[in-house]
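# Report on the structure
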Amino acid sequence: MIYADYAATSPLSERVYETLCRVSRDTFGNPSSAHSAGRAAAALVDRAREQTAALLGCSPDEIVFTSGGTESDNHALRFAEGKTVLTSSIEHPAVLNAAWNAASRLHLADPGADGRVSAGTIADLLREVPETALVSLMYANNETGVIQPVREAADAAHAAGALFHCDAVQGAGHCMPTVRELDCDLLSVSGHKFHAPKGIGALYIRKRLAGQVPPLLYGGGQQGGLRSGTLPVPLIAAFGEACAEAAEVMHEEDARVRRLRDAMAEELLALPGSLRIGAGETLPGILNIAFAGTYAESLMLLCDLRGVCLSAGSACHAGTDTPSHVLEAMGVPEEFRSSAVRISIGRFTSAEDAVRIAAVVRECVALAREG
Ligand code: PLP
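Predicted, not measured: the structure shown is a model, and the values here were computed from it. (Residues numbered from 1 in each chain as written. Predicted model: local features only at pLDDT ≥ 70, side-chain atom pairs only at ≥ 80, totals over all residues. Heavy atoms only, no water.)

Quick look at the layout of surface pockets now. In this structure, the second largest pocket occupies an estimated 250 Å³ of space. Lining the second largest pocket are 19 residues, with Thr-70, His-92, Val-169, His-192 and Lys-193 sitting closest to its centre. If you tally residues by element for the lining of the second largest pocket, the top one is helix α3 (residues 69-77), at 3 residues. (1 Å grid on protein atoms, 1.4 Å probe; cavity = no way out; pocket = protein on both sides within 12 Å on 5 of 7 lines; lining within 4 Å. Points joined across faces, edges and corners; volume = space filled by probe spheres on them. Helix = DSSP H or I, 4+ residues; strand = E, 2+ residues; numbered from the N terminus.)

Assigned domains of the chain: these are domain 1 (2-10 + 250-370) and domain 2 (14-245). Distance from the C-alpha centre of domain 1 to the C-alpha centre of domain 2: 27 Å. In this complex, domain 1 contributes 30 residues to the contact, which on the side of domain 2 involves 33 residues. Area buried by domain 1 at its contact with domain 2 is led by Met-250, Leu-283 and Arg-347, which between them contribute 22% of it. The interface formed by domain 1 and domain 2 contains 1 salt bridge. Residue Arg-347 pairs with Glu-245 through a salt bridge whose shortest N-O separation is 3.5 Å. The interface formed by domain 1 and domain 2 contains 17 residue pairs in polar contact (both at pLDDT 80 or more). (Domains from an automatic or database assignment. Contact = heavy atoms within 4.5 Å. Buried area = accessible area lost by both parts, 1.4 Å probe. Salt bridge = Lys/Arg side-chain N within 4 Å of Asp/Glu carboxyl O. Polar contact = N/O pair within 3.5 Å; in protein donor to acceptor, adjacent residues only side chain to side chain.)

Let us look at helix α4 (residues 93-102). Restricting attention to buried positions, one finds in α4 the residues Ala-94, Val-95, Leu-96, Ala-98, Ala-99 and Ala-102. In this structure, the buried residues of α4 make contact with α3, β3 (84-88), β4 (105-109), β5 (132-136), β6 (163-167) and α10 (325-330). (Buried < 20%, exposed > 50% of the residue type's maximum accessible area, 1.4 Å probe, protein only.)

Attention shifts here to empty space enclosed by the protein. Applying the stated criterion across every chain yields a total of 2 cavities of 30 Å³ or more. Estimates place the volume of the largest cavity at around 260 Å³. Tyr-6, His-174, Lys-193, Ile-345 and Gly-346 are the residues nearest the centre of the largest cavity, which is lined by 23 residues in total. A per-element tally of the lining of the largest cavity places helix α8 (residues 233-269) first, with 5 residues. For the lining of the largest cavity, a count of residues per class yields 11 nonpolar, 8 polar and 4 charged. (Nonpolar A, V, L, I, M, F, W, Y, C, P; charged D, E, K, R; others polar.)

Around the ligand, 14 residues are found, and the nearest of them are Gly-69, Thr-70, Asp-167, Ser-190 and Lys-193. The backbone of Gly-69 places a nitrogen or oxygen atom 2.8 Å from an oxygen atom of the ligand. Between the ligand and His-192 there is a distance of 2.9 Å, counted from an oxygen atom to a side-chain nitrogen or oxygen. Isolated, the ligand exposes 390 Å² of accessible area, and the fraction of that covered by the protein chains is 89%. When each cavity is represented as a set of grid points, the ligand is found to reside in the second largest pocket. Here the residues of the shell around the ligand sort into 3 nonpolar, 8 polar and 3 charged. (Near = heavy atom within 4 Å. Areas by Shrake-Rupley, 256 points an atom, 1.4 Å probe, with all protein chains shown as cover. Sits in = over half its atoms within 2 Å of the grid points.)

Have a look at this one:
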């Protein structure tokens, strides 16, 4: 099987797996306990907090460990409870649905046909809606990989007196500017997108906001009262290890993966009736491509039968065949919207795998068109 769905989730790295197993077995203490077993666990949590902060470019006390991207996004949106929120129409449902529930009013900025929301659109909307309390813009879109103008949007938000949140779930672990460079007040990350286990993530909260954060969960007051619950030390240690490993390899890996992705794109775009969805700066491993005269779902199944796992566009709504709200917002014509597949590769994709993926997709496009 060749896995080409890294944007949905990624495999554990060997280092992360080893940390997860070792800590689960050896360091089972509760980090809130004052005895030596507890202190050993607390030391691992502190170390992971430092590793996370080093990757994101902030200080360790600005990190709250969460259960993943969805929780981080929901927690960030709690800042806007009962207030006006401005976000984009291409956000992940974790942001869109949390915003619908938390905000008293919600305004959405649409992307252009290239999949990028312009900072100008955000600035214009902020002028129209000056009472906006929070702006949320993702770092990179999970369907197209298109990188958004986060720093410019943060500047516009701050100029209008609003807070700025960034859903960086797809960007973290890749060469991404630091939270200081992006000037975010809140930023969400999720471990399973960069080789950590599922069920662990983090929310960066800028230090000066600390006293103003409403908790998402009430309980024993762990993590400064921001996120109660006994800390899952093995998951946190594994997440920290994934952050440290990403920081070491991301420059080389991003360049290598980008070369493989670009070669696949060239090969597949040579097919008549194909269209690449999303343009400009993108994450290195994501290729969203549509083939007129096919259905994404059938293409995905045909590829799966030939040993290649890719995604039928809106993977994050897996199990449903709701049309992609992202491609719809971009104005992608219907025949391409229903035939768009997302190929997403990463650290364990070899050059041979990439060649095989392109060959299998070509073959399946021909079969789908015949059938
Ligand atoms: N935000 C984005 C951009 C995502 O791609 C995802 C997951 O696909 C999430 C949030 C949700 O993250 P998690 O699966 O860790 O809850």
